[in-house]
Amino acid sequence: MFQTPILLITFNRPEHTRQVFEIIKQQKPARLFVFQDAPREGNMTDIENCKAVKTIFDEILDWTCELKYYSPEKNLGCGKGPSTGISWFFEQEEQGIIFEDDCLAHPDFFQYCEELLDKYKNTPEIGFIAGSSFQNPQLVNDESYYFGCGSFGTWGWASWRRAWEHFDYYLESIDKNRMTAITKKYFKEPRQRAYWMEIYRLVKKDRMNDSCWDYQFYMSCWNFNMLAIIPYHNLITNIGYDEMATHTMSVDHPAAKRSLYSILPINHPVIISLDTKADLYVQKKYTYPLIYGWTGFKRIPHYINRLLKIKQGKKSSWL
């Protein structure tokens, strides 16, 4: 049996949830937590789909498992929902693995997380362990993972209560000056810093209409000088790039349904240090490729216009 606790965050996608749960079941976890957001008020499709999801966890398991299920009375949304579920999880566990309902894991992911959770549990400069990798194959060396900012890192991931305790949903502890200092520390390329300052502005404004929680977690980690562990070989594939998604609707996105690879045995880096080169590669290829290369050059007028609108408080398309 697998001893590290696992949290599965679900909502209204029974087919996705079933696929993810089947992978988890292969590990026979001793303790499994399931958070399911409530249907949106008056949404009959949600009601039926949420019922279908719930029945998955009513099935009898063929091993001894302590399964805890929690669903709020009202729908919390894509921001408050997952973050509430994670807080519920870490109120009961010191460390553990977290999945959302569209993240399929390679079998190695579980041992990888368990080994690193134990290795770094008393290392405050490590905030979480990512399962996704978007790395340049030319950067891969004999080490199994590197230390980075962690963007795209929470599709399938692991962490500790000590790190989640710093989670600040409204970013009340991070003002503009502090965020400016953070971006200067974590990102060496000006366009990276500009991108994350824009994300900060949008999150600070309304959490992107309360549809996100992961940006706040990354920034909360950065605020306390924490890094993420990121594998050189991808261990998580996102099957949620479809019409049922909230954010990831393009089936042609380069981050969709990426291949999985083995990572065992794990070779640990000797030194903990931020790999800005690896992070820049992810920024250019996956996070926001439109601001680089010829495409980025052509968008310079749009970029300048957007900055001017922000400074002047304009809402029109063009000044």
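Notes on the structure follow. Since we're looking at a predicted model, the values are computed, not measured. (Residues numbered from 1 in each chain as written. Predicted model: local features only at pLDDT ≥ 70, side-chain atom pairs only at ≥ 80, totals over all residues. Heavy atoms only, no water.)

The two faces of the sheet receive side chains in turn, since in a regular strand these alternate between them. With five of five residues buried, strand β8 (residues 156-160) is to be regarded as a mostly interior element. Relative to β8, strand β4 (residues 95-100) is paired through five bridges, and the arrangement is antiparallel. Paired with Gly-96 across the strands is Ser-159, a residue of β8. With three bridges connecting them, strand β6 (residues 126-130) and β8 associate as antiparallel partners. (Buried < 20%, exposed > 50% of the residue type's maximum accessible area, 1.4 Å probe, protein only. Helix = DSSP H or I, 4+ residues; strand = E, 2+ residues; numbered from the N terminus. Pairing = 2+ DSSP bridges.)

Next up on the list: the environment of Tyr-69. Note that Tyr-69 resides in strand β3 (residues 66-70). Considered as a pair, Tyr-69 and Val-34 are 35 residues apart in the sequence and their alpha carbons are 4.7 Å apart. With residues up to four places along the chain from it excluded, the contact list for Tyr-69 reads Val-34, Gln-36, Lys-54 and Trp-88. A distance of 2.5 Å separates the side chain of Tyr-69 from the side chain of Gln-36, its partner in a polar contact. (Contact = heavy atoms within 4.5 Å. Polar contact = N/O pair within 3.5 Å; in protein donor to acceptor, adjacent residues only side chain to side chain.)

It is at 10 Å that the axes of helix α6 (residues 176-186) and helix α8 (residues 214-223) come closest, and there the two elements cross at 80 degrees. Judged on the interaxial angle alone, α8 and α6 are roughly perpendicular. In this structure, α6 uses Arg-178, Met-179, Ile-182 and Tyr-186 to contact α8, whose residues at the interface are Met-219, Cys-221, Trp-222 and Asn-223. (Axes fitted to C-alpha atoms, helices over the stretch in contact; angles between N-to-C directions. Parallel < 35°, antiparallel > 145°, perpendicular 65-115°, else oblique.)

This part covers the side chain of Asp-46. Structurally, Asp-46 is set in helix α2 (residues 44-56). When its relative accessible area of 1% is taken as the criterion, Asp-46 is described as buried. The contacts of Asp-46, once residues within four sequence positions are left out, are Phe-11, Asn-12, Pro-39 and Arg-40.

Looking now at the nonpolar core. General note: in soluble globular proteins, nonpolar side chains tend to be found buried as a group. Core analysis: the largest hydrophobic core is formed by 87 residues, its most contacted members being Ile-97, Phe-99, Tyr-112, Trp-196 and Trp-222. Once residues lying within four places of it in the same chain are set aside, the contact partners of Ile-97 are Phe-2, Thr-4, Pro-5, Ile-6, Leu-7, Phe-89, Phe-109, Phe-110, Cys-113, Leu-117, Trp-157 and Ala-158. (Core = buried A, V, L, I, M, F, W, Y, C linked by side-chain atoms within 4.5 Å.)

The final tally for this structure, using the stated rule, is 13 salt bridges. Notably, a salt bridge pairs Arg-18 with Glu-59, separated by 2.4 Å at the nearest N-O pair. You can see Arg-18 sitting in helix α1 (residues 14-25) and its partner Glu-59 sitting in the loop between α2 and β3, a full 41 residues away along the chain. For Arg-18, a relative accessible area of 27% translates into the label partly exposed. A relative accessible area of 35% places Glu-59 in the partly exposed class. Glu-94 is the salt-bridge partner of Arg-161, the closest N and O atoms lying 2.9 Å from each other. Residue Arg-161 is found in helix α5 (residues 161-164), and its partner Glu-94 is found in the loop between α3 (77-92) and β4; the two are separated by 67 residues along the sequence. Here the salt bridges share partners, and the residues they tie into one network are Arg-18, Glu-22, Lys-25 and Glu-59. (Salt bridge = Lys/Arg side-chain N within 4 Å of Asp/Glu carboxyl O.)

Turning our eyes to something else, we now look at the pairing of strand β7 (residues 145-148). Here β7 shows no split at all, with Tyr-145 and Phe-147 on one side and Tyr-146 and Gly-148 on the other all buried. Bridging between β7 and strand β9 (residues 227-231) involves four bridges; their strand directions are antiparallel. Across the sheet, residue Tyr-145 finds its bridge partner in β9, namely Pro-231.

Moving on: unusual backbone geometry. Following Leu-264, the chain continues to Pro-265 via a peptide bond in cis, the omega torsion being -5 degrees. In this fold, Pro-265 is placed in the loop between β10 (236-238) and α9 (276-287). Its identity is not glycine, yet Lys-28 carries a phi of approximately 50 degrees, on the positive side. With respect to the helices and strands, the residue Lys-28 is situated in the loop between α1 and β2 (31-36). The backbone phi angle of Asp-210 is positive, close to 55 degrees, even though this residue is not glycine. As for its position among the elements, Asp-210 is in helix α7 (residues 190-210). On the basis of relative accessibility, which here comes to 31%, the residue Asp-210 falls in the partly exposed class.

This part takes up the packing of aromatic side chains. Under the criterion given, the structure shown has 38 aromatic pairs. On the basis of an interplanar angle of 85 degrees and a centroid distance of 6.3 Å, the ring pair of Tyr-120 and Tyr-145 is categorised as edge-to-face. With Tyr-120 in the loop between α4 (108-119) and β6 and Tyr-145 in strand β7, this pair connects stretches of sequence that are 25 residues apart. The class of Tyr-145 is buried, set by a relative accessible area of 0%. An angle of 10 degrees between the planes, with centres 5.9 Å apart, marks the rings of Phe-187 and Trp-196 as stacked. Neither Phe-187 nor Trp-196 differs from the other in exposure class; each is buried. Across the ring face of Tyr-69, the terminal group of Lys-54 is positioned such that the distance to the ring centre comes to 4.8 Å. When the ring centre of Tyr-120 is taken as reference, the NZ or CZ atom of Lys-119 above it lies at 5.5 Å. (Phe/Tyr/Trp six-rings, centres within 6.5 Å; stacked < 30°, edge-to-face > 60°. Lys NZ or Arg CZ within 6 Å of the ring centre and 35° of its normal.)

Limitation: the analysis is restricted to geometry and does not speak to function.
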